[in-house]
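Descriptive structure summary
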Amino acid sequence: MAWSPMADVQTVVVGAGVIGIAIARKLARSGHDVLILEAEEKIAQHTSSRNSQVVHAGIYYPAGSWRAKLCVAGKTMLYEYCKGRHVPFEITQKLIVAVEDAHVARLALLVEKAAANGVTDLVMLSAADAMALEPNLTCKGAILSPSTGIVDAPGFILSLLGEAEGAGAMLALASPLQAARPVTGGFELQVGDAQRTTLTCKNLINAAGLGAWDVAKGVDGLNPRHVPKPYFAKGSWFGMAGRAPFQHLIYPVPDDESLGVHYTRDLGGGFRFGPDLEYLGDSELDYSIDAEKADAFENSVRRWWPDMPQGMLQPNSCGIRPRIMLDGKTQSDFMFSGPKDHGIDGLLQLFGFESPGLTSSLAIADVVAQLMGENMR
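A brief report on the enclosed structure follows. Residue positions within a chain follow its written sequence, with the count starting from 1. With pLDDT at 70 or above as the cut-off, local features in this predicted model cover only qualifying residues; side-chain atom pairs require 80 or more to be listed or tallied, and sums for whole chains, interfaces and linings still use all residues. For side-chain calculations, the full set of non-hydrogen atoms in the structure is used, while hydrogens and water are omitted.

**Comments concerning the layout of surface pockets**
Volume-wise, the second largest pocket comes out at about 230 Å³. Buried and open spaces are told apart on a 1 Å grid over the protein atoms alone, a cavity being a set of points where a 1.4 Å probe fits but cannot get out and a pocket being an open set with protein on both sides within 12 Å along at least five of seven lines. Residues with an atom within 4 Å of a point are the lining residues. Lining of the second largest pocket is provided by 15 residues; of these, Ala 44, Ser 48, Ser 49, Arg 50 and Pro 154 occupy positions nearest its centre. Where helices and strands are cited, they refer to DSSP runs of H or I of at least four residues and of E of at least two residues respectively, numbered from the N terminus. Counting residues per element, the ones that place at least two in the lining of the second largest pocket are α5 (153–166) and β19 (314–326). With four residues, the single largest contributor to the lining of the second largest pocket is α5. Grid points are joined across faces, edges and corners, and a volume is the space filled by probe spheres set on the points.

Printed below as a string of structure tokens:
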């Protein structure tokens, strides 16, 4: 079937997750003509709808990294946005707990790392003080993070989309970008929708999350060496019925790769534990949950909640984070790849946008607008 023509668009954003929609909103409100292409039949079907819904403070990330800078800025922006639009959220606060004597020294190191990122509100707590705040908790010491919270992520995303469309942005669902060919002054795009649409745009932003690599493969003339190796990290969550055992979020002292199995709750009163860490193939999207992991989750949680009811955990949800690998090493940062990196004018690609992507989304959109402002056509 022949490709049918469609009107030119100034900027196409690929991916209708929270980051893609935030970018589209930012650009549309700045007066740009924007089209969002989404491969799925609904928005936010992958990383954006399968995360913890936690608003992170910016504690764990390397100083000077994009994740650190954009989390700290994005947290403030997100809270202000939600206040102004009546999007439900709650500043729950968080306890980072040392469950062994050997972990207590790591708490001070986390406070130092956070301060280097501009997070200066952390409070060191003795074990007695932490357990006074949360009587079901057992620990050797803790950090209180006053600015950590939770947000109604679907409500936030829908609000962003409403504002983007209100500013003139268009959304095309079930419309995967199959190919992009640089032409004079822009790109010719082939879309895998029912109409097999073809269109041209001046600027192309690849914010497809887990699908960013498929989009990149379809860009004619893009040297593969400018595309980082994907390293998909799967995390499962388990939940249980009953009254929430803690009001604060509870996180153990993290290890080198993971924040550990922690406790989060939602605005509706539900709560869950997770995620664990399991690396998948570089394009595998397996959202199944192994129910036999329940015992390992329970053993992990019982280190700081010793009275946890036995045998009550049930599979809850699962998410996959699009981590990246550079030079044979896992890269724990966001990656913006623009014309100065790959040599194709008008193309901006986002790779490795895992946690804290939700928290950082509005700040990420500001960076994209700045980068595109330097290269916008």
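Back to the write-up after that little detour.
**A word on the environment of Ile 96**
Relative to the elements of secondary structure, Ile 96 occurs in strand β6 (residues 94–98). Exposure remark for Ile 96: the relative accessible area of 0% places this residue in the buried category. Spatially, the C-alpha atom of Ile 96 lies 43 Å from that of Gly 218, the residues being 122 residues apart in sequence. Contacts of Ile 96, omitting those with residues within four sequence positions, involve Ile 59, Tyr 60, Leu 107, Leu 110, Gly 141, Ala 142, Ile 143, Tyr 251, Pro 252 and Val 253. When a residue's accessible area, from a 1.4 Å probe over protein chains only, is under 20% of the maximum for its type it is buried; when over 50% it is exposed; and in between it is partly exposed. Note on definitions: a residue-residue contact is assigned when non-hydrogen atoms from the two residues lie within 4.5 Å.

**Quick word on the packing of aromatic side chains**
Geometry of aromatic contacts follows a simple scheme: Phe, Tyr and Trp rings, the Trp one being its six-membered ring, pair when their centres are within 6.5 Å, and the pair is stacked under 30 degrees between planes, edge-to-face over 60, tilted otherwise. Inspection of the entire model under this criterion finds 17 aromatic pairs. Each ring, one from Tyr 263 and one from Phe 273, has its centre 5.8 Å from the other, and the planes form 50°; the classification is tilted. Placement of the pair is Tyr 263 in strand β16 (residues 262–265) and Phe 273 in strand β17 (residues 271–274), with a sequence separation of 10 residues. Among the residues examined, Phe 273 registers a relative accessible area of 0% and is labelled buried. Measuring from centroid to centroid gives 6.3 Å for Phe 273 and Trp 304, while their planes differ by 45°, and the two rings are tilted. Placement of the pair is Phe 273 in strand β17 and Trp 304 in the loop between α7 (294–301) and β19, with a sequence separation of 31 residues. For the pair Phe 273 and Trp 304, a shared accessibility class is recorded, and that class is buried. Aromatic rings pair up to connect Phe 246, Tyr 263, Phe 271, Phe 273, Trp 304 and Trp 305 into one cluster. Over the aromatic face of Tyr 287 sits the side chain of Arg 50, whose NZ or CZ is 3.7 Å from the ring centroid. Here, a charge over a ring means that NZ of Lys or CZ of Arg falls within 6 Å of the ring centre while also lying within 35 degrees of the ring normal. For the cation-ring pair, Lys 69 lies above Trp 66, with the distance from its terminal atom to the ring centre recorded as 4.5 Å.

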